[in-house]
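What the coordinates show
The chain contents come next:
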Amino acid sequence: MSVIWPAKVASRAAYDALYRESLDAPAAPSHATSHALDALAQNTLDREKLRSVLYVLSERVAVELRRIQRRAEAAGLNLRYADFQTISRQRTLDEPTDEQQVIYTAARELLDLALEQRKEPVRLIGAGAQRLVDGGGLQLNLFEPQKLQHHRLNAALDGLRQRYGFTAIQQGRTLRLEGRMPGGRGAFVYGASRLGRG
């Protein structure tokens, strides 16, 4: 089952309603990947903007992984340049995860490497999770307090977003995206064009 997110949603309320509706959608029994893509309003080489979009996409992927109770063994990046050449890269993670912090870090490293290799404007960016495994029974290690902090933070974020919508709470790095969305300050909407599972 793939969930298609419109490139532009008329209002924050409409977007949040779509997000809450997706939480109620039944999960298919098995998924090999989970991914989120965004077609940018303008081609850009602005790394900070690309990183901000990539973080939101990584959050979307991680929320979906937690919803379907899966963890990813690899994180991925998709880029389409202004000339429509598309690349896909993936990196194996140290251990399976459903944390956006880990998925984003791996995807950001892949993004930085891709932009060093080819300094061309980007028109589409995507984050993904590959090689999904069962996410039940998370084992937290007392000697890894950051992992416990991420787990608690992500559970709190998921709860707030389930109740108030995905855009109800944002990281500082994603606030700069507000200016690129239609509707002005009070109507911030993140317009990821596609969120799907394969």
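Quick look at the structure, then. Since the model is a prediction, treat every value here as computed from it, not as a measurement. (Residues numbered from 1 in each chain as written. Predicted model: local features only at pLDDT ≥ 70, side-chain atom pairs only at ≥ 80, totals over all residues. Heavy atoms only, no water.)

**Here's the deal with unusual backbone geometry**
Here Gln 69, not a glycine, exhibits a phi torsion of approximately 55°, which is positive. The phi dihedral of Phe 84 falls on the positive side, at around 75°, and the residue is not glycine. Structurally, the position occupied by Phe 84 is in the loop between β3 (70-81) and β4 (86-97). (Helix = DSSP H or I, 4+ residues; strand = E, 2+ residues; numbered from the N terminus.)

**With respect to helix α4 (residues 145-164)**
An α-helical turn contains 3.6 residues, so any two residues separated by three or four positions project in the same direction. Compared with an ideal rise of 1.5 Å per residue, which puts 20 residues at 28 Å, α4 spans 28 Å between its outermost C-alpha atoms and is within 8% of the ideal. Every buried residue belonging to α4 is among Lys 147, His 150, Asn 154, Leu 157, Asp 158 and Arg 161, and all of these are buried. Considered in projection along α4, the buried side chains sweep an arc of 105° and stay on one side of the axis. Exposed and facing more than 90 degrees away from the buried side of α4 are Pro 145, Gln 149, Arg 152 and Arg 163. Once α4 finishes, Gly 165 follows within two positions and takes phi at roughly 105°, a positive value. (Expected span 1.5 Å × (residues − 1). Buried < 20%, exposed > 50% of the residue type's maximum accessible area, 1.4 Å probe, protein only. Arc of directions from axis to C-beta.)

**Some words on the pattern of salt bridges**
The final tally for this structure, using the stated rule, is eleven salt bridges. A salt bridge links Arg 51 to Glu 48; its shortest N-O distance comes to 2.8 Å. Pair noted here: Arg 51 and Glu 48 are both in helix α2 (residues 47-67), with a separation of three residues, about one helical turn. Taking the shortest distance from any N to any O, the salt bridge between Asp 112 and Arg 51 comes out at 2.9 Å. On the criterion of sequence distance, the pair formed by Asp 112 in helix α3 (residues 100-117) and Arg 51 in helix α2 is long-range, its members being 61 residues apart. What you see here is one network of salt bridges that share partners, running through Arg 47, Glu 48, Arg 51, Asp 112, Glu 116 and Lys 119. (Salt bridge = Lys/Arg side-chain N within 4 Å of Asp/Glu carboxyl O.)

**A look at the packing of α2 against α3**
Remark: α2 packs on α3, axes separated minimally by 9 Å, with the N-to-C direction vectors making an angle of 145°. Considering the relative orientation of α2 and α3, their crossing is right-handed. Contacts between α2 and α3 pair Arg 47, Leu 50, Arg 51, Leu 54, Tyr 55, Ser 58, Glu 59, Val 61, Ala 62, Leu 65 and Arg 66 from the former with Gln 100, Gln 101, Ile 103, Tyr 104, Ala 107, Arg 108, Leu 111, Asp 112, Leu 115 and Glu 116 from the latter. Within the contact of α2 with α3, the residues separate by chemical class into eleven nonpolar, three polar and seven charged. (Axes fitted to C-alpha atoms, helices over the stretch in contact; angles between N-to-C directions. Left-handed = near helix turned anticlockwise from the far one by under 90°. Contact = heavy atoms within 4.5 Å. Nonpolar A, V, L, I, M, F, W, Y, C, P; charged D, E, K, R; others polar.)

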